[in-house]
Amino acid sequence: MSARPASPFARFALVSSALVLVALILVLPLISVFIEAFRGGVQAWFEAVSHPDAVAALKLTLWVAAIVVPVNVILGVVAGWALGKFEFPGRSLLITLIDLPFAVSPVVAGLLFILLFGRRGWFGPWLGDRGLEVIFAPTGIILATLFVTFPFVARELIPLMQSSGNEEEEAARVLGAGFFQTFFRVTLPNIKWALLYGIILCTARAVGEFGAVSVVSGHIRGQTNTLPLEVEILYNEYRTQAAFSVASLLACVALVALVVKALARKYSNERHRNDEKGVR
Amino acid sequence: MLPGLPVSLGVTVAAISLVVLLPLSTLVVATGSMKGAAFRAALASPRVMASFTLSLGAALGAAAVASAAGLLIAWVLVRHPFPGRNFVDSLIDLPFALPTAVAGITLTTLYGPSGWLGRPLEALGIKVAYTPFGIVLALVFIGLPFSVRTLQPVLADLDPEVEEAAACLGASRRQIFLRVLLPKLLPAWLTGFSLAFARGLGEYGSVVFISGNMPMKTEIAPLLIMTKLEQYDTAGAAAIATVLLAISFLMLLALNRFEAWSANPTGRAR
Amino acid sequence: MAAFAAPPPVSASAPAPPPLTLLNVSYDPTRELYQEFNAAFIRHWKKTTGQDVAIKQSHGGSGKQARSVIDGLGADVVTLALAHDIDAIASSGLIAKDWRGKLPQGSTPFTSTIVFLVRKGNPKGIRDWEALARPGLSVITPNPKTSGGARWNYLAAWGDALKKNKGDAGARALVEGIFKNVPVLDSGARGATTTFVQRGMGDVLLAWENEAILALKSPGGDRLEMVAPPVSILAEPPVAIVDRTVDKKGTRAVAEAYLRYLYSPEGQSIAAQHGYRPRTPEAAKVRAFAPVKLFTLESVFGSWEKAHAAHFADGASFDRIYQK
């Protein structure tokens, strides 16, 4: 990382204006979440986050992430292989379709699942006859979250798998490696940072999704309420401090994920100093 | 030729069909079941048109601001190491992770008339909360990571020696930026812009708190979708949603075509 | 990632399912009321039948909640902000069309009205509906298109003008004048209260009487004051059993007992404590309600269906305020 020739003053101006932007747009909101959360002291914060409804919401949220993230990882890697390693007509359309959930308003995303599985939806009567609950139940929340987070892993992997080329894999094949051996020994090490980054973003979004989940959850407290919905409920009950306490848990999830990413990169850089290129 | 295309492509197409296309087809069917006249009527009211204008304008404006700020931040993060850089780098993803409702409430608290930043700004005669400006602010927050994260890897791959060589040959800073950097950055920059735009166009949770929701003035299109749903008008909601979706889809498709077109042997820039 | 690796299954978090569960789908302001009422009913049901019952709550905007029930949210009972929303559920076939006659007083166990919340000392001297249209005043109300409470606000102002024989033109002028003074239209009643109380926006908030009473008790409430207008609307938030659900689950008896218990002395007294106007004179002694001359929606607008078509449907009178 060598700096380009620039006067110390220009450099200082650049760095500080970037920092001011980051501070105004990102840091201040983050800090204010924690200030509001601890306004009533640590005791009040702890009471808010250990309330049975908050704990139930936390469990549901983690459970949703524990299902959605692995599914996205598998689908993302498979999609990365098909769309990153091969050229064929229609490829750019498929990539756009994977991107599409980014472009769907979360509110609309929730509506889609109502239209599919709601009582008057396409599969609603069929499910109703069999007593199966999808919408207004954890299943519906999982499906809506899967839709919203679908692009995250694949979107990170496809460009990287394309740009890293096929030569290494082809060489491995020539040397007699099987498909899985090639994948785990050659491809995976090349994409692991992009994969990790995708997993982190996917996890963060799965945990924090509000709009889509709000439409399909039914808001039954202690049953179909996720953490972000619990925040909204508490806020609407004029319990601002409790709302921000629960929100601070979500901010912590975000921060922990980011620290994991930073540590993993650092650890790996120390082990393979020459492995820097193509990181991320 | 590597193995695994049929299987992996099959799984990918199946996953896209089930996870993305099946749900979206309900929207198309719901809209398709409307008569052409009803569809036009749902969209033609001045209120709906005003919300489209606002949503498009705010999403474009926010994407532009996020792209400009994103370039500056990405540049500094890659080229100018400073103490705490890793921390700042990690923070960039915060908007992805923070639930949009929390972001909305927090931004309104900060920039509202009695907030830490809102009060001094109001003293200067600048109103943020409950104006289109507030909507843009919320969307910049949502869009910033898209811009930074798409530019960062490309900047990291750029070799400063090329710029130094250009400088040695007598190129001005402006020329270096326009002739050397911009062509390389442009695809990633546009990607970040389009993603921020597409996300901003549909954003709801963070905006409703800070926008004020005044019809004809600060009412965004996704809020109108909610309004239509409140009135049991699913078809009307679907009509607005379809228009928003079509705009985002065309934008993303154009972007992916452009990326494919500008791809070079060393890989597509992201 | 370790933190996400092994969350226990969701089912483990709840105790073994009790023999009976009811789901009450309600609108936003009733959270505190039903929290207390549910506990009372659970005790009552245990004492009279020896059976345990668990009651789950779901709250949200009245229209949104009704739509969720229509789309399959398995509510045993609905307790919503306006009859129009229960009618919508009824027209989808989940509730018998004649639901209003199934329980006393048009299936409305308690009522409320619309009052003004102002800054301490009432610095702008706001006493009645006409004052709200004064140029330069700032009025906070949620959006009538998305909030049940806001529809009552709107109809109260309109009805006040009609009661003063100003005719439809006078009523339109008054309502237009009021909404010209509105700087922020939150999507729900709670959002509007937050805007007024915590963000310090506006000179006056139009609110449910029970919401105003609650806001006075919540943080920042000591800097506010409630003003009851001389005339206002009798807001009737109705309740109903969702026939389709209770017949399927076999919970009709307990669901009916639950709603009927709202009319009991204990139910009425809990409602009064939370600022709702009870139906029985005994319970009304719990709290002194401001003397307001109340008119019913039917007496002025005929029915919810007509009021909705004339005022809140797309392109109706509310939309026209903003489309000039």
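Observations regarding the interface of chain A and chain C
Often, the extent of an interface is quoted as the loss of accessible area on bringing the components together.
Line of reasoning, step 1. Across the boundary between the two partners, chain A contributes 30 residues, which contact 36 residues of chain C.
Line of reasoning, step 2. Interface of chain A and chain C: buried area, both sides summed, is about 3000 Å²; carbon and sulfur atoms make up 59% of it.
Line of reasoning, step 3. Three residues stand out in chain A for area buried against chain C, namely W63, R119 and Y238 of chain A, and they jointly supply 26% of the buried area on that side.
Line of reasoning, step 4. Between chain A and chain C we count one salt bridge in total.
Line of reasoning, step 5. For the salt bridge of D71 of chain C with R120 of chain A, the shortest nitrogen-to-oxygen distance reads 3.0 Å.
Line of reasoning, step 6. Remark: the boundary between chain A and chain C carries 11 residue pairs in polar contact (both at pLDDT 80 or more).
Line of reasoning, step 7. Breaking the side of chain A that touches chain C down by element, the ones donating at least two residues are α3 (52-85), α9 (179-208), α11 (227-236) and α12 (240-271) of chain A.
Line of reasoning, step 8. Counting residues per element, the side of chain A that touches chain C draws most heavily on α3 of chain A, which supplies five residues.
Line of reasoning, step 9. Partitioned by chemical class, the residues of the side of chain A that touches chain C number 15 nonpolar, 10 polar and five charged.

Focus: empty space enclosed by the protein
Line of reasoning, step 1. Inspection of every chain in the model, using the stated rule, returns 15 cavities of 30 Å³ or more.
Line of reasoning, step 2. The set of elements that each furnish at least two residues to the lining of the largest cavity consists of α10 (211-217) and α11 of chain A, α11 (205-211) and α12 (221-230) of chain B together with β2 (54-60), α4 (62-70), α8 (148-163) and α10 (189-197) of chain C.
Line of reasoning, step 3. With five residues, α10 of chain C is the largest single contributor of residues to the lining of the largest cavity.
Line of reasoning, step 4. For the lining of the largest cavity, the per-class residue count stands at 16 nonpolar, 20 polar and eight charged.

Some thoughts on the interface of chain A and chain B
Line of reasoning, step 1. Each partner contributes to the interface: chain A provides 93 residues, whereas chain B provides 94 residues.
Line of reasoning, step 2. Across the chain A to chain B interface the summed buried area is about 8700 Å²; carbon plus sulfur atoms make up 77%.
Line of reasoning, step 3. Our count for the chain A to chain B interface comes out at zero salt bridges.
Line of reasoning, step 4. The interface formed by chain A and chain B includes five residue pairs in polar contact (both at pLDDT 80 or more).
Line of reasoning, step 5. If one sorts the elements of the side of chain A that touches chain B by residue count, helix α1 (residues 8-37) of chain A sits on top with 19 residues.

Re the pattern of salt bridges
Line of reasoning, step 1. Taken as a whole and assessed by the stated rule, the structure comprises 33 salt bridges over all chains.
Line of reasoning, step 2. A salt bridge links K124 of chain C to D203 of chain C, with the shortest nitrogen-to-oxygen separation between them at 3.6 Å. Highlighted residues: K124 of chain C in the loop between β4 (110-119) and α7 (129-132) and D203 of chain C in the loop between α10 and β6 (204-208), separated in sequence by 79 residues.
Line of reasoning, step 3. Here R190 of chain C makes a salt bridge to E211 of chain C, at a shortest N to O gap of 2.8 Å. Taken together, the residues R190 of chain C in helix α10 and E211 of chain C in helix α11 (residues 209-217) connect sequence positions 21 residues apart. When sorted by exposure, R190 of chain C lands in the same class as E211 of chain C, which is buried.
Line of reasoning, step 4. Through salt bridges that share partners, R47, E219 and K228 of chain B together with K145, D314 and D319 of chain C make up one connected network.

Some remarks on the domain arrangement of chain C
All names here are of chain C.
Line of reasoning, step 1. Annotation of chain C at the domain level lists domain 1 (16-108 + 236-284) and domain 2 (111-235 + 292-322).
Line of reasoning, step 2. Computed from C-alpha atoms alone, the centre-to-centre distance between domain 1 and domain 2 is 26 Å.
Line of reasoning, step 3. Taken together, the 19 residues of domain 1 in the interface contact 20 residues of domain 2.
Line of reasoning, step 4. Taken together, both faces of the contact between domain 1 and domain 2 bury some 1800 Å²; the carbon and sulfur share is 54%.
Line of reasoning, step 5. Here R100 makes a salt bridge to E298, at a shortest N to O gap of 3.6 Å.
Line of reasoning, step 6. The tally of links from domain 1 across to domain 2 stands at seven residue pairs in polar contact (both at pLDDT 80 or more).
Line of reasoning, step 7. Breaking the side of domain 1 that touches domain 2 down by element, the ones donating at least two residues are α3 (31-49) and α5 (83-91).
Line of reasoning, step 8. Considering only residue class, the side of domain 1 that touches domain 2 consists of seven nonpolar, five polar and seven charged.

Brief notes about the pairing of β4 of chain C
Residue and element names in this part refer to chain C.
Line of reasoning, step 1. The buried fraction of β4 amounts to nine of the 10 residues, a majority that puts the element mostly inside the structure.
Line of reasoning, step 2. Two elements, β4 and strand β10 (residues 277-278), share two bridges in a ladder whose sense is antiparallel. Following the sheet pairing, F110 is matched in β10 by P278.
Line of reasoning, step 3. Judged from the two bridges that link them, β4 and strand β8 (residues 231-235) form a sheet pairing that is antiparallel. Across the sheet, the residue bridging to S112 is A235, located in β8.
Line of reasoning, step 4. Bridge count between β4 and β6: five bridges; the pairing is antiparallel. Among the inter-strand pairings, V115 is bridged to a residue of β6, identified as A207.
Line of reasoning, step 5. Where β4 and strand β7 (residues 224-227) come together, four bridges link them in antiparallel fashion. Residue R119 lies in a different strand from β7, and its bridge partner there is L224.

Some points on the packing of α3 of chain A against helix α1 (residues 5-32) of chain B
Line of reasoning, step 1. Following both chains from N to C, one finds α3 of chain A and α1 of chain B inclined at 125 degrees, their axes separated by 8 Å at the closest point. One way to sum up the angle between α3 of chain A and α1 of chain B is to call them oblique. Note on packing geometry: the crossing formed by α3 of chain A with α1 of chain B is left-handed. Residue-level inspection shows L75, V78, A79, W81, A82 and L83 of chain A of α3 of chain A in contact with α1 of chain B, the latter providing L5, S8, L9, V11, T12 and A15 of chain B.
Line of reasoning, step 2. Taken together, the residues of the contact of α3 of chain A with α1 of chain B sort by class into 10 nonpolar, two polar and no charged.

Considering the side chain of R205 of chain A
Line of reasoning, step 1. You can see R205 of chain A is positioned in helix α9.
Line of reasoning, step 2. Residue classification places R205 of chain A among the buried positions, given a relative accessible area of 8%.
Line of reasoning, step 3. Among the polar contacts made by the side chain of R205 of chain A, one reaches the side chain of E209 of chain A at a distance of 2.7 Å.
Line of reasoning, step 4. Ignoring anything within four residues of it in the chain, the contact list for R205 of chain A reads P106, V148, T149 and F152 of chain A together with F96 and R199 of chain B.

Observations regarding the environment of V19 of chain B
Line of reasoning, step 1. With respect to the secondary-structure elements, V19 of chain B resides in helix α1.
Line of reasoning, step 2. C-alpha of V19 of chain B to C-alpha of L255 of chain B: the two residues are 236 residues apart in sequence and 22 Å apart in space.
Line of reasoning, step 3. Leave out the neighbours within four places in its chain, and V19 of chain B touches L146, F147 and F150 of chain A.

A look at the pairing of strand β1 (residues 21-27) of chain C
Residues and elements named next belong to chain C.
Line of reasoning, step 1. With six of seven residues buried, β1 lies mostly within the body of the structure.
Line of reasoning, step 2. Inspection of the sheet shows β1 paired to β2 by seven bridges, in the parallel sense. Residue pairing in the sheet places L23 in a bridge with K56 of β2.
Line of reasoning, step 3. With α3 bridging β1 and the parallel β2, this β-α-β connection has right-handed handedness.
Line of reasoning, step 4. Pairing geometry for β1 and strand β3 (residues 77-79), over three bridges, is parallel. When the sheet's bridge partners are listed, S26 is paired in β3 with T79.

Procedures and definitions
- Residues numbered from 1 in each chain as written.
- Chains lettered and ligands numbered in written order.
- Predicted model: local features only at pLDDT ≥ 70, side-chain atom pairs only at ≥ 80, totals over all residues.
- Heavy atoms only, no water.
- Contact = heavy atoms within 4.5 Å.
- Buried area = accessible area lost by both parts, 1.4 Å probe.
- Salt bridge = Lys/Arg side-chain N within 4 Å of Asp/Glu carboxyl O.
- Polar contact = N/O pair within 3.5 Å; in protein donor to acceptor, adjacent residues only side chain to side chain.
- Helix = DSSP H or I, 4+ residues; strand = E, 2+ residues; numbered from the N terminus.
- Nonpolar A, V, L, I, M, F, W, Y, C, P; charged D, E, K, R; others polar.
- 1 Å grid on protein atoms, 1.4 Å probe; cavity = no way out; pocket = protein on both sides within 12 Å on 5 of 7 lines; lining within 4 Å.
- Points joined across faces, edges and corners; volume = space filled by probe spheres on them.
- Buried < 20%, exposed > 50% of the residue type's maximum accessible area, 1.4 Å probe, protein only.
- Domains from an automatic or database assignment.
- Pairing = 2+ DSSP bridges.
- Axes fitted to C-alpha atoms, helices over the stretch in contact; angles between N-to-C directions.
- Parallel < 35°, antiparallel > 145°, perpendicular 65-115°, else oblique.
- Left-handed = near helix turned anticlockwise from the far one by under 90°.
- Right-handed = clockwise from strand over helix to strand, strands pointing away.

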